[in-house]
Amino acid sequence: MVDEPAGGIFEGIRVVDASTGIAGPYATMFLADHGADVVKVERPEGDPYRAEAGFHTFNRGKRSAVLDLQSESGRSRFQLLARSADVVVVDVPQHRAAALGIDDETLRAEHPRLLYLAVPPYGERGPYVDRAHSPALLAAANGMMASQASYGGDPVYLLLPLAAYGTAALGAAAVAAGLYARERWGVGQRLEVSQLAGSLALQVGGVRSDRFPQPPGRVPSPMGARGRLPAYRLFEAGDGEWFFLACGSADFFNRMLIAVGHPELAADPRLEHAPWGLISDEARDALIPVIEPIFQTRPRDHWVALFQEADVPCQPVLTRDEYFASSIVARNHMRVAVSHPQGGTVEMMGVPLVMEAAPGQVRGPAPLLGEHTDQVLAEAASAPAPMGRIHQGKPGGHLLDGVKVLDLTSYIAGPVCPRHLAMMGAEVVKVEAPQGDVFRQMGLGFLGWNQGKRGLALNLRLSEAQAVFHRMARDADVVVENFRPGVAGRLGIDHETLRAINPRLVYLASPGWGDDESMAGVPGFDPLVQALSGGMAAQGGDDEPVFYTVALNDVMTPAIATFGICAALFHRERIGEGQQVRTALARTGLAIQAAEFTRLPGARTLGGFPIGGRDFPGPNAGQRWYRCADGHDLFVEATTEAQRAALAEVTGGVVAPSLLVTAWGSDACRDATEALAMVFRGNSVDEWTAALDAAGVPCMRVVTRAELLDAEHVRANGLIVEQEHPDYGATTNVGMLVHASATPGRIERLAPGLSEHARELLAEYGYDTAEQHALAEAGAVVLRE
């Protein structure tokens, strides 16, 4: 059971949350876990999401007030609450918010220091602003449905509401950064993080280059959703159970070959560029026919134990229930039980990050509908508006203006956090080993994960390089690292060492397995956590598991880490002390499935959530994609009786409405799908969109990866940046994902070349030319010509 609540980072901060569903409430859950007083404002009939298990997780520790915003009295009461709040959260476009009297302009006219977080589904601009939204419709619009690997290359219905989850973490980070900026400069403002932006935060490696064009159409995967690389993918063992083998480096690959008894394959020229370069048919043919039959000779547990003994990254595919019961979850304190106000207990994930100066905690259950209406209105009537500090002069140019970040990370999960900090205006230096971040070989992806930074290569095994880093740390605000436990200490750059140099330092550590010391020496990669935490098994259903193309944990972890760092900076601004913040892929394995890891009173499992299947198109004929006459795909989502009746009518009555809900995989569903597919092939996607819109049937054209960065609804919301790169030519990439009205962000730099800025950085820290050359001759620093 949860402990008695203690103070947190945001103690004294009041949040009025008018959002529903997942994205907004999940964002404010982060704030509530860390001490904010969050009031959930609901319509008289309540948040529709109350019917879902995830409601209990996303609204834990909050209070509920019922207000009818369709009435003048309800709007007046909301404005009263807003006048005594630090933060207001709204999830509808501003023109709809204005009709309810809860738009940014109205509320901040009376309360200029208010932070107003807007999380509209499709942003405030573009053709989709007022379209129906849902996790699946957003997945169609944001490229995720089309980009998921599959045997046929067709769109895949994703079970996880990824856009909402990404928006929640990034939205919470934006609020924390906004509170930090307000504490420094006394400025309130509107912060916009649309669900389009939140979904793009999970796709920041999707960079396009005019020199390396993407295939324009559907791309079938010869290995389906098992993984496109032969040594970084799912395998079936002899007992029918699955495991993920993650040879993420040449060393791991060679150890794997030794472990399976085929070290000679290391000399095969077809495998020369292992592991990341093995994308050809020839490479797959050289390896897969050799190792797959071997794996069929023994059960899964044999192979997992063998590879872990050989220090080859490998983990079994588990269900969510198995992961929830695991020692990894227990040692990271990620399973908590909360008393339900109507009896029994609800089990849910714990707090997905650790703030060591003021740890967060689950502070209580989700409220009953309207449970605190009278209480919060009485408080608001007598409460003064929060003031924060009052400053003279102009605020900084960016949310994190002047914040200096030293980025020691590599791969994906580590570098993306400082990328987000740079986007919000921080000055970020990527510090690499002389050989560089191993994921430099990923080319365009590296550009996205490391956007906005300067680069310096130091050999931190040498005392001379450590002295350089220590000098930089004296002047730094933030250090970020994702080493295995113990590595930072051996290099002399651990939290204790650096805090002794700079007590105000915020230090983020992000080891893969968090507080599970038994896993300290085990490599941590995104798909290993995907495998363990049940998402792969659920998406695959009764068929083989599915490796999500979106690197779930690698991209959600940095969004959570960005929130943690901004919260720690806010705490430092108020209290004056730095602290260590800790995240972990293992914790994120639950956070990226937060609703799905909710167990209701009396339930023995985490059931009640849908499962998928091989190349899963959708749960039934009324909720899936169809190919149109022009070759484009349209996702249709008829979820009510009225919508199913309208769909049946607009498609000529070839299918009875009752057949539109028969489960995928059944004969009735197959027959209904085939009949509708034939009808949809008769008109273009635009013609069908117009017809279904007129009939009131939610639908969305499925945007492909190749189309995403040029899509009107994406560009209209200012989410794209175009830059010229010396090696890759004209590049197009995800850009500004947090729009701040008073202290906007910036994207000014490309990802750095290896040690590209060494000379200017060393000069900034007081090293003259002779000292720079001496450091280079000692092997401590790399100086580029």
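The rules we used
Position numbers for residues count from 1 along each chain, tracking the sequence in the order it is written. Per-residue local features are limited, in this predicted model, to residues with pLDDT of at least 70; the limit for side-chain atom pairs, both in listing and counting, is 80 or more; totals at the level of whole chains, interfaces and linings are taken over all residues. Hydrogens and water are ignored here; the side-chain numbers use all heavy atoms of the structure. Starting at the N terminus, helices and strands are each numbered in turn, a helix being any DSSP run of H or I of at least four residues and a strand any DSSP run of E of at least two. Here the radius of gyration uses the C-alpha set of atoms, whereas the globule reference equals 2.2 Å times the residue count to the power 0.38. Any two residues whose heavy atoms approach within 4.5 Å are treated as being in contact. The accessible surface values rely on the Shrake-Rupley method and a 1.4 Å probe; as for residues, cover is taken only from the protein chains in view. By the counting rule applied here, Lys and Arg register as positive and Asp and Glu as negative, while His and the ends of each chain are not counted. One atom stands in for each charge, and that atom is NZ of Lys, CZ of Arg, CG of Asp or CD of Glu. Only Phe, Tyr and Trp rings are paired, with Trp represented by its six-membered ring, and only when their centres lie within 6.5 Å; those with planes under 30 degrees apart are stacked, over 60 edge-to-face, the remainder tilted. When a residue's accessible area, from a 1.4 Å probe over protein chains only, is under 20% of the maximum for its type it is buried; when over 50% it is exposed; and in between it is partly exposed. Here, over-ring charges are defined by two tests on the NZ atom of lysine or the CZ atom of arginine: distance to the ring centre within 6 Å, and angle to the ring normal within 35 degrees. Within this scheme, the nonpolar core is defined by two criteria: the residues are buried Ala, Val, Leu, Ile, Met, Phe, Trp, Tyr or Cys, and they are joined through side-chain atoms within 4.5 Å. Any two strands with at least two DSSP-identified bridges between them are counted as paired. Under this scheme, a helix contributes an axis fitted over its contacting stretch, all axes are lines through C-alpha atoms, and angles between N-to-C directions fall in the 0 to 180 degree range. Angles are sorted into four bins: roughly parallel if under 35 degrees, roughly antiparallel if over 145, roughly perpendicular if 65 to 115, and oblique for all others. Put simply, a crossing is left-handed when the front helix is turned counterclockwise from the back one by less than a right angle, and right-handed when it is turned clockwise. Only Asp, Glu, Lys and Arg are considered charged in this grouping, and only Ala, Val, Leu, Ile, Met, Phe, Trp, Tyr, Cys and Pro are considered nonpolar; every other residue, Gly among them, is considered polar. For the handedness criterion, the strands are oriented away from the viewer, and a crossover whose path from the first strand over the helix to the second runs clockwise is classed as right-handed. By definition here, a salt bridge exists when the distance from a side-chain nitrogen of Lys or Arg to a carboxyl oxygen of Asp or Glu is within 4 Å.

A. Spatial organisation of the overall build of the protein chain. In terms of helices and strands, the protein chain carries 31 helices and 25 strands. In terms of overall dimensions, the protein chain is globule-like: its C-alpha atoms have a radius of gyration of 26 Å, near the 28 Å expected for 785 residues. Taken over the C-alpha atoms alone, the protein chain extends approximately 75 × 65 × 50 Å along its principal axes. Residue pairs in contact within the protein chain that sit at least 24 positions apart in sequence constitute 76% of those at least 6 positions apart. Taken as a whole, the protein chain presents about 28,100 Å² of accessible surface, with 50% of it coming from carbon and sulfur. Within the protein chain, the 93 negative side-chain charges are centred at a point lying 3 Å from the centre of the 67 positive side-chain charges.

B. Highlighting the packing of aromatic side chains. Overall, the coordinates contain 33 aromatic pairs when judged by the stated rule. For the pair Tyr-232 and Trp-276, a centre-to-centre distance of 4.8 Å together with 55° between the ring planes defines the contact as tilted. In this pair, Tyr-232 sits in strand S8 (residues 232–236) while Trp-276 sits in the loop between helix H10 (250–259) and helix H11 (281–295), placing the two residues 44 residues apart along the sequence. Of the two residues, Tyr-232 and Trp-276, neither departs from the other in class, the shared state being buried. Ring centres of Tyr-411 and Phe-525 lie 5.5 Å apart, and the angle between their planes is 80°; on these two criteria the pair is classed as edge-to-face. On the criterion of sequence distance, the pair formed by Tyr-411 in the loop between strand S14 (404–407) and helix H16 (413–423) and Phe-525 in the loop between strand S18 (506–509) and helix H21 (526–532) is long-range, its members being 114 residues apart. By relative accessible area, which is 24% here, Tyr-411 ends up partly exposed. Put simply, the rings of Tyr-232, Phe-244, Phe-252, Trp-276, Tyr-411, Phe-439, Trp-449, Phe-525 and Phe-547 pair up and form one aromatic cluster. Residue placement shows Arg-471 over the ring face of Tyr-767; its charged tip is 3.9 Å from the ring centre. Of note, Arg-614 hangs over the ring of Tyr-151, and the distance from its end group to the ring centre comes to 3.7 Å.

C. Expanded view of the nonpolar core. Residues Phe-10, Tyr-26, Met-256 and Leu-400 are the most contacted members of the largest nonpolar core, which totals 190 residues. With 17 residues, the top contributor of residues to this core is helix H8 (residues 162–185). Contact partners of Tyr-26, with chain neighbours within four places excluded, come to Phe-58, Tyr-165, Ala-168, Met-349, Met-556, Ala-591 and Ala-594. Val-429, Phe-469, Val-479 and Leu-775 belong to the second largest nonpolar core, which has 31 residues in total.

D. Spotlight on the pairing of strand S12 (residues 345–349). Where burial is concerned, most of S12 is hidden: four out of the five residues are buried. Pairing geometry for strand S11 (residues 335–339) and S12, over five bridges, is antiparallel. By the bridge assignment, Val-338 is partnered in S12 with Val-346. Count of turn residues in the S11/S12 antiparallel hairpin: five residues, of which Gly-343 carries a positive phi of about 115°.

E. Structural detail: the sheet that holds strand S20 (residues 623–627). A sheet is described by the order of its strands in space; here three strands give the open sequence S20-S21-S22, paired in antiparallel fashion. Edge positions in the sheet fall to S20 and strand S22 (699–701), since each has one partner strand and no second. Across the sheet, the mean angle from the axis of one strand to that of its neighbour is 20°, orientation sign disregarded. Note that S20 and strand S21 (residues 633–637) share five bridges and pair antiparallel. Bridge pairing in S21 links Arg-627 to Asp-633. Across the sheet, helix H27 (residues 685–695) is in contact with S21 and S22; its angle to S21 comes to roughly 15°.

F. Representation of the sheet that holds strand S9 (residues 242–246) within the structure. Pairing within the open sheet is antiparallel, and its three strands lie in the order S8-S9-S10. This sheet does not close on itself; its edge strands, each paired only once, are S8 and strand S10 (314–316). Ignoring strand direction, the axes of neighbouring strands in this sheet form an average angle of 20°. Bridging between S8 and S9 involves five bridges; their strand directions are antiparallel. When the bridges of S9 are listed, Glu-236 appears paired with Trp-242. Here H11 sits on the sheet in contact with S8 and S9, set at roughly 40° to S8.

G. Highlighting the packing of H16 against helix H23 (residues 552–575). With their axes 8 Å apart at the nearest point, H16 and H23 run at an angle of 45° to one another. By the criterion of interaxial angle, the relationship of H16 to H23 is oblique. As H16 packs across H23, the resulting crossing turns out to be right-handed. Contacts from Ala-413, Val-416, Cys-417, His-420 and Leu-421 of H16 reach H23 at Asp-554, Pro-558, Ala-559, Ala-561, Thr-562, Ile-565 and Cys-566. Residue composition of the contact of H16 with H23, grouped by class: nine nonpolar, two polar and one charged.

H. Summary view of the pairing of S14. Bridging between S14 and strand S15 (residues 427–432) involves four bridges; their strand directions are parallel. The residue bridging Leu-406 from the neighbouring strand is Val-429, located in S15. Note that the unit made of S14, H16 and S15 has a crossover that is right-handed. Two strands pair when backbone bridges link them, and S14 and strand S17 (residues 478–481) are joined in this way by three bridges, in the parallel orientation. Paired with Leu-406 across the strands is Val-479, a residue of S17.

I. Highlighting the pattern of salt bridges. A complete count under the given rule lists 46 salt bridges for this structure. Note that Asp-154 is salt-bridged to Arg-627, the shortest N-O span being 2.8 Å. With Asp-154 in the loop between helix H7 (144–147) and H8 and Arg-627 in strand S20, this pair connects stretches of sequence that are 473 residues apart. Judged by its relative accessible area of 22%, Asp-154 is partly exposed.

J. Just H16, in detail. Within H16, eleven of the eleven residues are buried, which leaves it mostly tucked inside the rest of the structure. Buried within H16 we find Ala-413, Gly-414, Pro-415, Val-416, Cys-417, Pro-418, Arg-419, His-420, Leu-421, Ala-422 and Met-423. Once H16 ends, the next one or two residues include Gly-425, with phi positive near 110°.

K. How the structure looks around the environment of Leu-532. Inspection of the secondary structure assignment puts Leu-532 in helix H21. Overall, the relative accessible area of 4% leaves Leu-532 in the buried class. Measuring from C-alpha to C-alpha, the distance between Leu-532 and Phe-243 comes to 9.1 Å, with 289 residues separating the pair along the chain. Setting aside chain neighbours within four positions, we find Leu-532 in contact with Gln-315, Pro-316, Leu-318, Thr-319, Tyr-323, Ile-328 and Trp-513.

L. Fine view of the packing of helix H25 (residues 641–650) against H27. Contact geometry for H25 and H27: axes closest at 9 Å, N-to-C directions at 135°. As far as their axial angle goes, H27 and H25 are oblique. The handedness of the crossing between H25 and H27 comes out as right-handed. Between H25 and H27, the residues in contact are Ala-646, Leu-647 and Val-650 and Trp-688, Ala-691, Leu-692 and Ala-695, respectively.

M. Geometry of the environment of Arg-461. Summarising the element assignment, Arg-461 is placed in the loop between strand S16 (453–457) and helix H18 (463–474). Among all residues touching Arg-461, those that are not within four sequence positions of it are Gln-466 and Leu-491.

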